[in-house]
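The lines below spell out each chain.
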Amino acid sequence: MKIGLVSPYSFDVPGGVQFHIRDLAEYLIQHGHEASVLAPADEGTDLPRYVVPAGRAVPIRYNGSTARLLFGPVAAAKVGRWLDEGDFDVVHIHEPLAPSLSLLALWAATRPVVATFHTSNVRSRVMQAAYPLLRPSLEKIHGRIAVSEDARRTVTTHIGGDAVVIPNGVDTAAFARASKDPRWSGAPGRPTIVFLGRIDEPRKGLPVLSAAMPAILDAVPGARLLVVGPGSAEAARARLSEPVLAATEFLGALSDEDKASALASADLYIAPHTGGESFGIVLVEAMAAGAPVLASDLAAFQRVLDGGRTGMAGALFANESPHDLAARAVELLGDPTRLHALSELGRERARVFDWAVVAKEILAVYDTVAGGSRQREVTRLRPGADRRRGGEHT
Amino acid sequence: MTLISWIVVAVCVLLVLAWYLSYSAARLDRLHAKVEGALSALDAHVVRRAEASLELANSGAIDPASGFLLVAAASESLERVNERTFEADLLEGQHFAGRETVESALTEVLHAALPVEVSRDLEAQGGPGAAALERVREAGLRVQLARRFHNEAVKEVQRVRSKRVVTIFRLAGYADLPRTVEFDDTLPGT
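Residues numbered from 1 in each chain as written. Chains lettered and ligands numbered in written order. Predicted model: local features only at pLDDT ≥ 70, side-chain atom pairs only at ≥ 80, totals over all residues.

Chemist: How would you sum up the overall build of chain A? Please name residues and give values.
Modeler: When helices and strands are counted, chain A shows 15 helices and 15 strands. Along the longest, intermediate and shortest principal axes, the C-alpha atoms of chain A span 80 × 45 × 40 Å. Counting every position in chain A, which comprises 394 residues, the buried fraction comes to 45%. (Helix = DSSP H or I, 4+ residues; strand = E, 2+ residues; numbered from the N terminus. Buried ≥ 20, exposed ≤ 12 C-beta atoms within 10 Å, placed from the backbone.)

Chemist: Would you mind going over the packing of helix H1 (residues 3–58) of chain B against helix H5 (residues 127–161) of chain B in detail, with residue names and values included?
Modeler: All names here are of chain B. Two numbers describe how H1 lies on H5: the axes approach to 8 Å, and their chain directions differ by 160 degrees. Overall, the two elements H1 and H5 adopt an arrangement that is roughly antiparallel. Here H1 and H5 pass one another in a crossing that is left-handed. (Axes fitted to C-alpha atoms, helices over the stretch in contact; angles between N-to-C directions. Parallel < 35°, antiparallel > 145°, perpendicular 65-115°, else oblique. Left-handed = near helix turned anticlockwise from the far one by under 90°.)

Chemist: A description of the environment of Val35(B) should follow, citing residues and the corresponding values.
Modeler: All names here are of chain B. Note on placement: valine 35 falls in helix H1. Taking the C-beta count within 10 Å as the criterion, valine 35 has 26 such neighbours and is therefore assigned buried. Along the backbone, valine 35 and serine 77 are 42 residues apart, and their C-alpha atoms lie at a distance of 22 Å.

Chemist: Break down the confidence of the model for chain B for me, citing the residues and quoting the values.
Modeler: Residues and elements named next belong to chain B. Overall, the predicted model of chain B reaches an average pLDDT of 86, with 92% of residues at or above 70. Contacts of residues 85–91 to residues separated by more than four positions or lying in other chains number 15 contacts, the stretch itself having pLDDT below 50. In the model output, the complex is listed with pTM 0.79 alongside ipTM 0.82. (pLDDT = per-residue confidence, 0-100. Contact = placed C-beta atoms within 7 Å.)

Chemist: Just give me the short version of the sheet that holds strand S6 (residues 90–94) of chain A, but keep the residues and values in it.
Modeler: Residues and elements named next belong to chain A. If you trace the 7 strands from one edge of the open sheet to the other, you get S3-S2-S1-S6-S7-S8-S9, paired in parallel fashion. Looking at the sheet topology across the chains shown, the edges are occupied by strand S3 (51–53) and strand S9 (164–165). The pairing of strand S8 (residues 141–146) with S9 spans 2 bridges and is parallel. Counterpart to alanine 146 in the pairing with S9 is valine 165. Helix H5 (residues 149–159) contacts strand S7 (113–117), S8 and S9 of the sheet and is inclined by roughly 140 degrees relative to S8. (Pairing = 2+ DSSP bridges.)

Here it is, written out as structure tokens:
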């Protein structure tokens, strides 16, 4: 299948949408499809060979912050040429409402269009005002994908209609391969608890965990807390009491392999995030590595953990409550059977988010929309087929 | 104003109106084409699902009673397709020809024949049973997607066709108003 992918954001800067497009394009190429990515990029930037640079993105104020976008007649002409030359079976546009290449591609597309909505952060007043302008273009989308329930809610409230939820892919195999590291493994009476995330960003929840630690140490005096993540440890240390400080090790930012083996070694992974998480990739990574998960009860986290019929693949505590966090953690650390069960359930659950599974679902969407238009040529051969539609207006 | 300028204004108004009408008609045509494409995709994947179910029933990997039920439901679904093909056009009038109940029945039988434990065993065994199960699932997922995308497209057509400009100028011609397709398409054994 020939697939054209459109990125609204420049490949010069890292970002979730760009990573998603890159991984998807590489998966498609590996599996024998043709993929071309159209993205804003400066001339002369080092790009993967499947990326077609569309020109330099311009910094402009949009949606409350400065975004680097690409628009205007020159960009529109470039998009048109790329679409013509590519002769794609499916055009897959990411963030179709971003006023950049995505919107231009949607406007110019004549082939079946699949659109993926990533963000759950849309200004409703802007959407209302721009709606009449955008509606005819939006009608060109044959299949809509949302990467999370939150993104899907944005689609249903601001655009109307529905979208299929296909989560972001995670390379779970890399985490599942990770082996235990004796430095970070627990021993009887000395279990290890892992925290992951920026130390100086309060919404990652280190303050909540710090406040819960005294109670945890009272019940499990040998417990060790491993803090993995960038940021200044000094400020965090200053907040800790003497016994907690003695039980805490700041490991700093680790390489991907070390991060995975820290998770694989952990007796318990705690995600005390207080908000602002729309997806929770970090939980998927922990589960894939086999770490039992205890997370705050954010809606996004609950959805990642909830395996439906197989049950919750992690334990939850009341968000921002050190008291509840400590109670749950002590309960879990005293119950090795439950920890083992959570680890197994987590590994099982993480598979749903693996790229192989996710990409298969995206391919099924391609099949469905491309199949629809291929099929049309076949049905046209049947007698009487050409009077199917009213047709007098064509 | 002179007569000439009145005529110029009138011609301009007519030109704008004509442009707007042809634009609206083209937009509606595109939406109708999308519904048609989506419906034929749904049709194709429904057929594939029934064929994969037959294959699974005949693979010898599931018990004969479940197999028999599956053959009955799947052939019912395939018969309805064949029956329609002999008429002039399967998609005439853009509807699903009342096949919803048959497809819901097939889904129900698939659920009954493939509870979680049975699907796990089939996967563990490998061989033709596992391959057929995989195909049933793949087709099932595509049926789900196709039906969802079709219904989205139908709602868009319904909305545009209720607009006054479309009804007054009969831009939809004699095309039937497409209808959403509702049946149970949940995936078995998950």
